[in-house]
Amino acid sequence: MRFQFNNPTSRQRLLVLGVLSSGLSGCFNPLLPVPQSTIAPIVRAPQSAMPDQFAPNWWQVYDDAQLNAVVTEALAANRQLQQAAATVLEYRAAVQAIAPSAWHSNTALWGSRGNSAAGGQPEGVMADKASAHRQSNYAASFDLQWELDIFKRLSALKQVSSAALSAVQADQAALQLLIAAETTRAWLMGCNTVQQQRLLQQQLQLLAQQAQLSEKMYHAGRSTAADLLQRQSHYARVLATQATLQQQLQQHQSALNILMARPPTLALSIAQQCQQLPPLQHNVQHLEATVMLQRRPDIYAAEQRLRAATAQRNVAQADLYPRIQLGAGVYQPLANSPQNNASRATVWRIGPLLSWQFPNFSAARAAIAQADARAVKALAQFDQQIIVALNEWQQALHDDQVMGAAQQQQRQAWQYSLQRQHMAEQSVKLGRLEYMTQLDLQLEQLEQAALLAQQNQNYIATQIQLFKVFAGRWQHAPAPAPATTTALQRTAADLATIPSATE
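On a predicted model such as this, the values are computed, not experimentally measured, just so you know. (Residues numbered from 1 in each chain as written. Predicted model: local features only at pLDDT ≥ 70, side-chain atom pairs only at ≥ 80, totals over all residues. Heavy atoms only, no water.)

Participant: For the packing of helix H9 (residues 297–318) against helix H10 (residues 361–429), give the residues involved together with the corresponding values.
Facilitator: Helix-helix packing is characterised by the crossing angle of the two axes and by the distance between the axes. Here H9 crosses H10 at 165 degrees, and the two axes come no closer than 8 Å. The angle between H9 and H10 falls in the class roughly antiparallel. In this structure, H9 crosses over H10, and the sense of that crossing is left-handed. Partitioning the contact of H9 with H10 into residue classes produces 15 nonpolar, three polar and six charged. (Axes fitted to C-alpha atoms, helices over the stretch in contact; angles between N-to-C directions. Helix = DSSP H or I, 4+ residues; strand = E, 2+ residues; numbered from the N terminus. Parallel < 35°, antiparallel > 145°, perpendicular 65-115°, else oblique. Left-handed = near helix turned anticlockwise from the far one by under 90°. Nonpolar A, V, L, I, M, F, W, Y, C, P; charged D, E, K, R; others polar.)

What follows is the structure, given as structure tokens:
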């Protein structure tokens, strides 16, 4: 075994490299900071606080156990969330791969066969061909280098991967918010449609009674043909809305099936599960603009992508400077032919290595220019996301105020009609009012109830949008369950039982 240091000037070369590195690091530009938004100041929370630091289970504002169970199942089974979770795992693995990137290794195993003489010199073979013989040589080598992060290239790479991971985690939180909101919307809209269908059936029953009574009165000479036709026209007009409500319910049911990852044969029937519409409560916490921006995962994702783009520019800038590496290696002959009595030796190498991609300055500057353009683009996207969020925030507050007032006014109108109906019932019992008039007042009360249901539907959409704007994050969100082969086979079997359109 012997150690090899090339020649006696190695210390001088190491000193020269140290001086060169010091000089280059002295003129090296520090890492660029993340640009600030030009739209609105944002007080950034630490990454450890992202994204589950606020009130859990925001959908429980409706205080309905069935709705909570539906949303929980959607958060666990939704296939889009499973894709987002897999993307997070992919980026997390990329971050872990960057950690040991300062180490570089090279392993080689090689062999050769040819003519050689003593000492292995070709001239020896030419001088004495009789003594020449064939010899097989096998050897292995291993080299290891450690890159010194003098110019912050590795630090910038870690920042890129870390910011990218934070961005996809924020995307996952935004998707969770969207799935929870849309599941809540589909369930409440479907439940409200079921309530409208029940009111419609009551209206049709009253209209049928009125039509029969009007026909009797017509034959008795107490009513005209115009009155009879008016009752029949009203019945047909209300009956025509039945198909529209059925279509709306099917649309909400299909949307819920997709969100919950259920095939039609395993669908959770809204009509069977929803007994009554959960009460609409106006207890949404109205936040300031700055707090709202902090809570929104899409804003956080845009900020992290800006951070990644800035760090990528730092990576490109570091390529203008040499990469200083400390290296070590070992060379070990494995086998020689028996005719060769030369002793095998292990050779160790250790010393500084300088890697400089020269003369690719134009390519490095082009990469910097591309990174600058991407950073400018990321900043513009960040600003655009803030503009959208601020306008959505203002619009949601306005709509909540307007639609909430309209919902209260319609509720008051329904209560007035309900009081009139009760007064009419008392008047009929006392003989002061005809039965047909009582039916008219009952029908008016049902029509007001139907208008209230329609107003509730509009207010539901407003509340869901308000929740999405304020980004009501939650803790302990159900982790998406991976789709197994058994589950896919069961889904395929369920789909096979669905009748075709031609049956």
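Participant: Quick one: what's the story with unusual backbone geometry, residue by residue and with numbers?
Facilitator: Despite not being glycine, Ala261 shows a phi value in the positive range, around 60 degrees. Mapping Ala261 onto the fold places it in the loop between helix H6 (225–259) and helix H7 (270–273).

Participant: So what about the pattern of salt bridges? Which residues, and what values?
Facilitator: Summed over all chains, the structure comprises 10 salt bridges. We note a salt bridge from Lys468 to Glu182, for which the minimum N-O separation is 3.4 Å. Placement of Lys468 in helix H11 (residues 435–470) and of Glu182 in helix H5 (residues 153–219) is noted, with a sequence separation of 286 residues between them. Relative accessible area serves as the criterion here: at 21%, Lys468 is assigned to the partly exposed category. By relative accessible area, which is 23% here, Glu182 ends up partly exposed. Close ionic contact of Arg296 with Glu392 constitutes a salt bridge, the shortest N to O distance being 3.0 Å. Here the residue Arg296 occupies a position in the loop between helix H8 (289–295) and H9, and Glu392 occupies one in helix H10, the gap between them amounting to 96 residues. (Salt bridge = Lys/Arg side-chain N within 4 Å of Asp/Glu carboxyl O. Buried < 20%, exposed > 50% of the residue type's maximum accessible area, 1.4 Å probe, protein only.)

Participant: Outline the nonpolar core, supporting the account with residue identities and numerical values.
Facilitator: Within the largest apolar cluster, 29 residues are counted, with the highest numbers of intra-cluster contacts made by Ile179, Trp187, Leu188, Leu256 and Ile270. Within the residue set of this core, elements represented by two or more residues are helix H2 (65–77), helix H3 (79–98), H5, H6 and H11. Top element by residues in this core is H5. It accounts for 10 residues. The contact partners of Leu256, leaving out residues within four places of it in the chain, are Val70, Thr183, Ala186, Trp187, Leu268 and Ile270. Membership of the second largest hydrophobic core comes to 18 residues, among which are Ala289, Ala375, Ala389 and Ala396. (Core = buried A, V, L, I, M, F, W, Y, C linked by side-chain atoms within 4.5 Å. Contact = heavy atoms within 4.5 Å.)

Participant: I'd like a description of H5, backed by residues and values.
Facilitator: Along its 67 residues, H5 runs 97 Å from first to last C-alpha, staying within 8% of the 99 Å computed at 1.5 Å per residue. One or two residues past the end of H5 sits Gly221, with phi positive at roughly 80 degrees. (Expected span 1.5 Å × (residues − 1).)

Participant: Residues and numbers for the side chain of Arg153, please.
Facilitator: Within the secondary structure, Arg153 is located in helix H5. Among the residues examined, Arg153 registers a relative accessible area of 12% and is labelled buried. Discounting residues that sit within four places of it in the chain, Arg153 has contacts with Glu147, Val315, Ala318, Asp319 and Arg323.

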